[in-house]
Amino acid sequence: MRSLLITIHDVSPRHEARIDRLIDGLHAAGVGTRFGMLVVPDFWGESPLAKAPAFQAKLRAWAASGVEMWLHGFYHKDLTAHDAGGAALKARLLTAGEGEFLGLDARESRRRLNEGRALLEDILGTPIPRFVAPAWLYSDASKAALTDLGFTLAEDHFRVWNPSSNRILTKGPVISYASRTPVRMASSLFFSRLATAALPLQKIIRLALHPHDVDKQPLITETARALKSLTRTHTPATYTAALPSLPRSKERESKTTRSVSS
């Protein structure tokens, strides 16, 4: 079976109205609840999930309906002062101050992963073994922390892997959209059209949606077109359903692993 893996990024009370619109679009495309939500515990340090009980209830309802929940950073904002080099270049070119885990050392990576996962597990009442770094950018130390803490699913721009075993589960670019500048928006629209024509032969296709995708009509139009095109050849599915992973017993051990490792 060919699978379409769809995720909504930056899930936070800050973007509640936009997230509702994205979900409406997925329902209109026939996706149902076969998608993932990447939850930020405290978006930019200004929108703490812990103080948003109504949004917590919505998260529980989405999860109960079958939506797959992921941890997505902690603040999302990159607070690291990068020295000159590869990390500084990525921070400047690939994101606008959003690569939170790009410059983190092992200790801070573990702290944010532990605290973020504990918060989501307490809210949802289920293990959260899945993580995506904001802007898909990781330091080597943060990747090692994912392994140490027993996470079983992670992804970047070009691959999905199991940090516990370092096994690559699938490869291929993520289709996503940018609206920060006219040039970035035009390039993301071009790539979306190219990808929907070129990628259908792949077994797995990934599509990432962000709250600000509903702010510009060209993006609204293109994401709807892309969904219509991709769902002709690929069946929407969660990552857990579509990809090989560790046995369920490993997921159940995640809380124990976190506690022992912290």
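These remarks concern the structure in this document. Computed from a prediction, not measured in an experiment: that's the story for all the values here.

Moving on, we get to helix H5 (residues 140–148). Of the positions making up H5, those classed as buried are Ser142, Ala145 and Leu146. Burial along H5 is one-sided: seen end-on, the buried residues are contained in an arc of 100°. The elements touched by buried residues of H5 are helix H4 (106–124), strand E6 (130–132), strand E7 (153–155) and strand E8 (159–162). The first or second residue beyond H5 is Gly150, which carries a positive phi of 80°.

What follows is about the pattern of salt bridges. By the definition in use, this model includes 13 salt bridges. Its salt-bridge partner being Glu108, residue Arg111 comes within 2.6 Å of it at the nearest N-O pair. Remark: Glu108 and Arg111 occur in helix H4; sequence separation between them is three residues, near one turn of the helix. Arg193 is paired through a salt bridge with Glu222; the nearest N and O atoms lie 3.5 Å apart. With Arg193 in helix H6 (residues 182–198) and Glu222 in helix H7 (residues 217–233), this residue pair connects regions lying 29 residues apart in the sequence. Residue class for Arg193 comes out partly exposed when judged on its relative accessible area of 47%. Look at Glu222 and you get buried, because its relative accessible area is 3%. Within this structure, Glu100, Glu108, Arg111, Arg112 and Glu115 form a network of salt bridges that share partners.

Turning to empty space enclosed by the protein, a few remarks are in order. To find leftover empty space, a probe the size of one water molecule is rolled over the atoms. The full count for this structure, using the stated rule, is one cavity of 30 Å³ or more. Approximately 30 Å³ is the volume attributed to the largest cavity. Secondary structure elements with two or more residues in the lining of the largest cavity: strand E9 (167–171) and strand E11 (204–209). The element that contributes the greatest number of residues to the lining of the largest cavity is E11, accounting for three residues.

Direction vectors running N to C along helix H1 (residues 16–28) and helix H2 (residues 53–64) enclose 20°, while the axes themselves pass 12 Å from each other. Comparing their axes, H2 and H1 come out roughly parallel. Crossing handedness for the pair H1 and H2: left-handed. Within the contact between the two elements, H1 uses Glu16, Ile19, Asp20 and Ile23 and H2 uses Phe55, Lys58 and Trp62.

Turning to H6, a few remarks are in order. With 17 residues, H6 should cover 24 Å at 1.5 Å per step; its first-to-last C-alpha distance of 24 Å lies within 8% of that length. Of the residues making up H6, those classed as buried are Met185, Ser188, Leu189, Ser192, Ala195 and Thr196. Projection of H6 onto a plane perpendicular to its axis shows the buried side chains occupying an angular sector of 135°, all on one side. Along H6, exposed side chains directed more than 90 degrees from the buried face belong to Val183, Phe190, Ala197 and Ala198. In the core, the buried residues of H6 are packed alongside strand E10 (174–175) and H7.

Below, the discussion takes up the packing of H6 against H7. Across the interface, H6 lies against H7 with an axial gap of 10 Å and an inter-helix angle of 10°. Relative to H7, the element H6 lies roughly parallel. Our pair here, H6 against H7, has a crossing hand that is left-handed. Side by side, H6 and H7 meet where Met185, Ser188, Leu189, Ser192, Arg193 and Thr196 of the first sit next to Pro218, Leu219, Glu222, Arg225, Ala226, Ser229 and Leu230 of the second. Looking at the contact of H6 with H7, its residues break down into six nonpolar, four polar and three charged.

This part is about the packing of aromatic side chains. Tallied over the full model, the rule gives seven aromatic pairs. When the ring of Trp70 is compared with that of Tyr239, the centres are 4.8 Å apart and the planes differ by 75°; the resulting orientation is edge-to-face. Of this pair, Trp70 sits in strand E5 (residues 68–71) while Tyr239 sits in helix H8 (residues 239–242), placing them 169 residues apart in sequence. What makes Tyr239 buried here is its relative accessible area of 2%. Among the aromatic residues, those joined into a ring-pair cluster are Phe101, Phe131, Tyr138, Phe151 and Trp161. The ring centre of Phe151 lies 4.2 Å from the NZ or CZ of Arg117, which sits over that ring. Its end group placed over the ring of Trp161, Arg159 keeps NZ or CZ at 4.0 Å from the ring centre.

It is worth spelling out the environment of Ala242 at this point. Topologically, Ala242 is positioned in helix H8. Residue classification places Ala242 among the partly exposed positions, given a relative accessible area of 21%. As for Ala242 and Leu5, which are separated by 237 residues in sequence, their C-alpha atoms are 8.1 Å apart. For Ala242, the contacting residues outside a window of four places in its chain are Ser3, Leu5, Ile204 and Ala237.

About the thresholds
- Residues numbered from 1 in each chain as written.
- Predicted model: local features only at pLDDT ≥ 70, side-chain atom pairs only at ≥ 80, totals over all residues.
- Heavy atoms only, no water.
- Buried < 20%, exposed > 50% of the residue type's maximum accessible area, 1.4 Å probe, protein only.
- Helix = DSSP H or I, 4+ residues; strand = E, 2+ residues; numbered from the N terminus.
- Arc of directions from axis to C-beta.
- Contact = heavy atoms within 4.5 Å.
- Salt bridge = Lys/Arg side-chain N within 4 Å of Asp/Glu carboxyl O.
- 1 Å grid on protein atoms, 1.4 Å probe; cavity = no way out; pocket = protein on both sides within 12 Å on 5 of 7 lines; lining within 4 Å.
- Points joined across faces, edges and corners; volume = space filled by probe spheres on them.
- Axes fitted to C-alpha atoms, helices over the stretch in contact; angles between N-to-C directions.
- Parallel < 35°, antiparallel > 145°, perpendicular 65-115°, else oblique.
- Left-handed = near helix turned anticlockwise from the far one by under 90°.
- Expected span 1.5 Å × (residues − 1).
- Nonpolar A, V, L, I, M, F, W, Y, C, P; charged D, E, K, R; others polar.
- Phe/Tyr/Trp six-rings, centres within 6.5 Å; stacked < 30°, edge-to-face > 60°.
- Lys NZ or Arg CZ within 6 Å of the ring centre and 35° of its normal.

Geometric values such as these leave the question of function open.
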